[in-house]
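# Inside the fold
Chain residues, written in single-letter form:
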Amino acid sequence: METMRVQDVTPNDLPWKIRYDASRCTLCGSCVSACSFRAIEAKVERRRMVFSESELPEPKARFSAVPVIRQVKSVKNYCRGCGICEKVCPNDAIRPERNPDTRHPIVTRCLGGDSIKRGGRKNLESTVRTLDKIRVGRISQMTDPSLDAQRHTFDLLAPFGRILPPQKLPLGVGPEGLLRTEGSTPPVRWIYPVVIGDMSIGALSWRMWEAVAMATAYLNEECGLPVRMCSGEGGVPVRLLKSRYLKYMILQIASGHFGWNRIAKAMPHMIEDPAGVLIKIGQGAKPGDGGLLMAQKVAEHIQAIRGVPKADLLSPPNHQGLYSIEESVQKMFLSFNAAFKFRVPVAIKVAASSTSVSVFNNLVRDPYNIVGGFFLDGIDGGTGAAHEVSLDHTGHPIVSKLRDCYLAAVAQGRQGQIPLWAAGGLGKTGDLAADAFKMIALGANGVFSGKLILQMAGCVGNDQGRCNACNTGLCPVGITTQEPPLVHRLDPERVAQNIVNYFLAMDTELKKLMAPIGNSSLPVGRSDALVATDRAVADKLQIQYVC
Amino acid sequence: MCRIGAIKSLDFVHPSMALQLMQSQQKGHDNSGFAMVMHDLGGIFENYKKLPTLSMAATDEGVRLAEDILHEAGFQRVLQWVPETNPQPGLDINAMPNYVFETFDYPKHLRNGEKKEQEDLLLDMRLKLREALEPNEEGFVYSFWPDVVTLKEIGDPRDIGTYFNLWQPDDKFTARVITAQCRQNTNYDIVRYAAHPFHLQGYTALANGENTFYLKNVEFQRKLHRGYIGFESDSQCFLYTLHYVHHELGWPLRYYKHVVTPLPFEEIEQREDREQLKAIRQSLAHLEINGPNTIIGVLPDHSMFTCCDAKKLRPVVIGRDEKTVVISSEVCGINEVLPERDWETDIYPNEREIVAIGNDLEVQRWKQ
Ligand code: SF4
Ligand code: SF4
């Protein structure tokens with residue numbers, strides 16, 4: 001017997017183990033060809049079979065070579081638990097099984113000498129979510145009747161743009177006793193309170209990105225929901241820049257400035273203004289980290305849109321300022337406001353942090369009235385690629401931070417002047433309407449969501465370590481990959497349809513939540529409508545504790 | 001639910017008319033209190049229209065404290081009227097020891113001063129008095145304003161009327177505008193300050209209904225003006241928004257409606273004045289009122305108006321004859337005080353309008 005080598009990687013070191021039933025397998029090969037991670041392979045096993053051919057038992061042994069499917073023992077091509085093999089197997093012969101005894105986090109570091117990179121979301125889930133300890137507990141019944149979700153009209157819209165304090169409105173009384181405008185106000189767009197979060201063309205496959213854009217256009221033009229989609233950092237196809245659909249897009253600029261060259265060049269040809277500009281300073285899933293697009297995903301069209309060669313694309317963690325970050329952000333605000341001649345609102349996205357309130361206060365006091373929104377992204381957000389340590393251990397939960405910002409505005413009598421938009425794990429349980437509604441009652445004007453959109457499209461990843469391989473360029477469902485065979489797995493029309501349907505369902509559900517509290521417009525800051533079943537949550541958020 | 005009513009007349013009318021107006025609606029409330037604000041005063045106050053009158057209910061100590069504070073500030077009393085009370089046994093009233101209606105002359109340096117300066121001082125004085133009397137509940141200061149008196153008390157409105165001898169008309173205590181409310185005490189402890197009508201710098205408002213955006217309103221109003229305090233009742237929010245829109249921002253009254261019950265965005269987009277309406281909706285989003293309610297308001301020029309929520313969940317009726325216009329939660333109240341009027345001219349205001357009654361009793365209806 002060979003000496004055992006304990007250091008060799010075996011499936012029981014890995015996060016997922018493949019359960020394979022040779023007796024059901026017809027060796028069609030579907031699973032092996034479908035596994036984008038090459039985590040399973042066809043092998044030949046030596047088998048011994050004992051048999052007897054005579055009337056009385058006369059055992060003989062026969063050895064034969066049997067083709068089987070086996071798990072690859074490698075920390076590179078390891079099984080992600082995506083379940084695609086199971087999906088394609090006609091005979092239920094194979095499936096991944098979670099390995100609670102995995103040594104993967106240790107083994108990978110030991111073998112690679114480098115930090116672990118991953119995509120998706122945080123994988124350290126321990127307690128019940130804060131939002132699930134909150135209920136809509138103030139029900140209108142007698143003196144203030146509930147509304148009828150089917151019959152009444154509801155104003156489900158949220159502002160994107162800088163809102164002036166009432167005493168600063170340039171309104172004067174005209175000769176007929178009517179107000180007239182005597183000056184200009186910053187641009188404000190009233191949009192659907194759920195923005196499709198910023199996912200770049202690059203992080204997403206072109207099919208996926210197009211599907212989202214298609215859903216956005218459909219929601220606007222056919223369903224009457226003014227949903228906006230944020231481009232993410234990485235530019236926008238020129239065809240879209242020059243089309244009338246640009247008005248549904250919020251263009252993002254982040255520290256890498258990827259894609260802005262093209263956007264700038266397309267400006268003279270734009271027939272519509274974009275919905276807005278979002279300056280990304282930080283991201284909730286990996287605060288303090290810059291963007292990361294691994295070379296595997298920098299396909300030809302990405303090189304063209306971004307104007308870069310095939311290489312790892314890193315956005316620095318900071319916008320490079322001349323003197324200070326505030327100054328550079330201020331400059332960016334000015335230049336983007338000016339670029340679109342002050343017709344397009346410009347907002348900022350930051351990662352939630354213990355310091356968010358100070359940042360927000362600084363912006364609220366901005367004397368130029370150019371900050372058109374504060375997008376606050378919490379720890380539970382998603383990302384295309386990040387270092388695992390950032391993903392799991394850095395960041396700040398969104399719920400209390402959003403509330404802190406709102407209350408900071410209230411303390412100054414400036415609520416609503418810089419619209420607050422919140423994200424980071426909203427809709428994690430699949431129910432975005434409830435999460436969005438609670439965040440709105442806590443003070444958000446609206447929410448944004450990216451990860452959930454991917455899940456609508458068919459992403460199989462989850463918070464318990466399933467898949468989350470978005471960084472590899474091998475997304476098994478064609479969402480976060482640029483590999484043509486994988487991308488073709490995704491049917492963009494079906495994706496668009498799913499997104500549209502989800503939004504329609506969510507719209508009904510939001511109304512179902514507004515009706516019982518008797519509100520026909522969004523109850524921004526109506527924390528009296530909420531109760532908490534947890535004392536600490538109630539205290540922190542300043543809402544009623546109930547049990 | 002509260003019941004509210006208002007009378008505006010070319011002649012001076014006595015509060016007995018307001019009591020009658022409210023009495024017939026008593027099934028609609030729980031008889032837990034009665035409050036009224038009178039504007040454009042007649043009788044003993046008629047000759048002092050330009051001078052502020054203090055309306056308060058207080059203990060002896062409270063009266064002393066208040067008078068000291070006013071004298072110290074240079075105010076000089078020119079008139080005092082103490083209503084004769086009728087404390088029969090068995091009356092359901094939670095009376096205070098003293099009810100004070102005193103008219104003062106301004107401190108010397110302000111007698112010919114700017115109107116704004118005088119107005120600011122009157123408000124500051126009222127706030128100061130209120131603060132001084134608050135700690136031991138020494139008294140409740142309801143209004144301190146020229147040509148306005150306020151009376152509020154806890155108890156059965158009928159008994160309150162008896163206690164103050166208000167069932168007997170006379171020509172001493174009269175006004176051309178009287179707003180009144182009978183209380184339904186639901187959400188709040190029985191607090192005198194929680195009874196509308198509320199008054200601030202010549203503006204009076206009273207409401208029937210709920211304001212489900214109360215918290216949003218309060219959080220915003222607290223920072224808008226030093227006079228926006230108390231918030232014992234959600235109806236105070238209606239007054240403060242009225243004061244803010246009309247007095248502070250200087251916008252015409254019709255925009256009050258656009259602030260409290262803004263048009264849906266879809267409708268705003270169809271309108272020529274969408275730019276202004278959107279700006280209003282944006283910047284004053286936290287003053288929106290949601291929930292069923294009707295508001296009656298009086299402006300400093302004594303004109304009166306009413307409007308209701310955007311779904312007309314809580315309506316009012318307006319009845320009138322040549323000399324009087326009456327607004328009431330229920331039409332039975334109007335039948336009581338204006339039995340001879342032409343019913344066909346009654347107005348049931350639409351959910352999208354403000355009905356304004358000028359000093360010549362001309363009724364204007366502004367569609368939002
Ligand atoms: S679960 Fe996914 S990664 Fe694992 S073997 Fe099956 S297809 Fe490959
Ligand atoms: S299915 Fe694709 S998008 Fe979803 S976690 Fe896996 S790699 Fe990422």
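Reading the values: the criteria
Residues numbered from 1 in each chain as written. Chains lettered and ligands numbered in written order. Predicted model: local features only at pLDDT ≥ 70, side-chain atom pairs only at ≥ 80, totals over all residues. Heavy atoms only, no water. UniProt positions renumbered as here; feature names shortened; annotations may be inferred. Helix = DSSP H or I, 4+ residues; strand = E, 2+ residues; numbered from the N terminus. Near = heavy atom within 4 Å. Nonpolar A, V, L, I, M, F, W, Y, C, P; charged D, E, K, R; others polar. Contact = heavy atoms within 4.5 Å. Buried area = accessible area lost by both parts, 1.4 Å probe. Salt bridge = Lys/Arg side-chain N within 4 Å of Asp/Glu carboxyl O. Pairing = 2+ DSSP bridges. Axes fitted to C-alpha atoms, helices over the stretch in contact; angles between N-to-C directions.

For chain B, an unreviewed UniProt entry supplies the name Glutamate synthase and the organism Geothermobacter hydrogeniphilus.

You'll find chain A entered in an unreviewed UniProt entry as glutamate synthase (NADPH), with Geothermobacter hydrogeniphilus given as the organism. Of chain A, the UniProt comment under Catalytic activity (unreviewed entry) reads exactly: "2 L-glutamate + NADP(+) = L-glutamine + 2-oxoglutarate + NADPH + H(+)".

## Re unusual backbone geometry
The bulk of non-glycine residues show a negative phi, and the bulk of peptide bonds are trans. Note the cis peptide between His196 of chain B and Pro197 of chain B, where omega equals 5 degrees. Assignment of secondary structure puts Pro197 of chain B in the loop between strand E8 (175-182) and strand E9 (198-200). In the Ramachandran plot, Asp92 of chain A falls in the positive-phi region, its phi being about 50 degrees despite a non-glycine side chain. Structurally, the position occupied by Asp92 of chain A is in the loop between helix H2 (84-88) and strand E4 (94-98). With a phi close to 55 degrees, Gln542 of chain A is a non-glycine residue in the positive phi region.

## Topic: the site of ligand 1
For ligand 1, the full set of nearby residues is Ile18, Cys35, Phe37, Ile40, Cys79, Arg80, Gly81, Cys82, Gly83, Ile84, Cys85 and Pro96 of chain A. For the shell around ligand 1, the per-class residue count stands at nine nonpolar, two polar and one charged.

## Quick word on the interface of chain A and chain B
Counting residues at the interface gives 42 residues for chain A and 35 residues for chain B. Roughly 3,300 Å² is buried in total at the junction of chain A and chain B, and carbon and sulfur atoms are behind 60% of that figure. In this structure, Asp155 of chain A engages Arg281 of chain B in a salt bridge whose closest nitrogen and oxygen atoms are separated by 2.5 Å. Of all the secondary-structure elements, those providing two or more residues to the side of chain A that touches chain B are strand E8 (171-173), strand E9 (179-181), strand E10 (188-191) and helix H11 (398-411) of chain A. Counted by class, the side of chain A that touches chain B contains 21 nonpolar, 15 polar and six charged residues.

## Some points on the sheet that holds strand E10 (residues 203-209) of chain B
All names here are of chain B. Read across the sheet, six strands follow the order E9-E10-E11-E12-E15-E16 without closing on themselves; strand pairing throughout is antiparallel. Of all strands in the sheet, those bounded by a partner on one side alone are E9 and strand E16 (363-367). Across this sheet, the average inter-strand angle for adjacent strands is 20 degrees, counted without regard to direction. As defined by bridge partners, strand E15 (residues 353-357) adjoins E16 across five bridges and the pair is classed as antiparallel. Directly across from Ile357, in E16, lies its bridge partner Val363. Helix-sheet contacts for helix H6 (residues 235-248) involve E9, E10, strand E11 (293-298) and strand E12 (304-308), and the interaxial angle to E10 is about 140 degrees.

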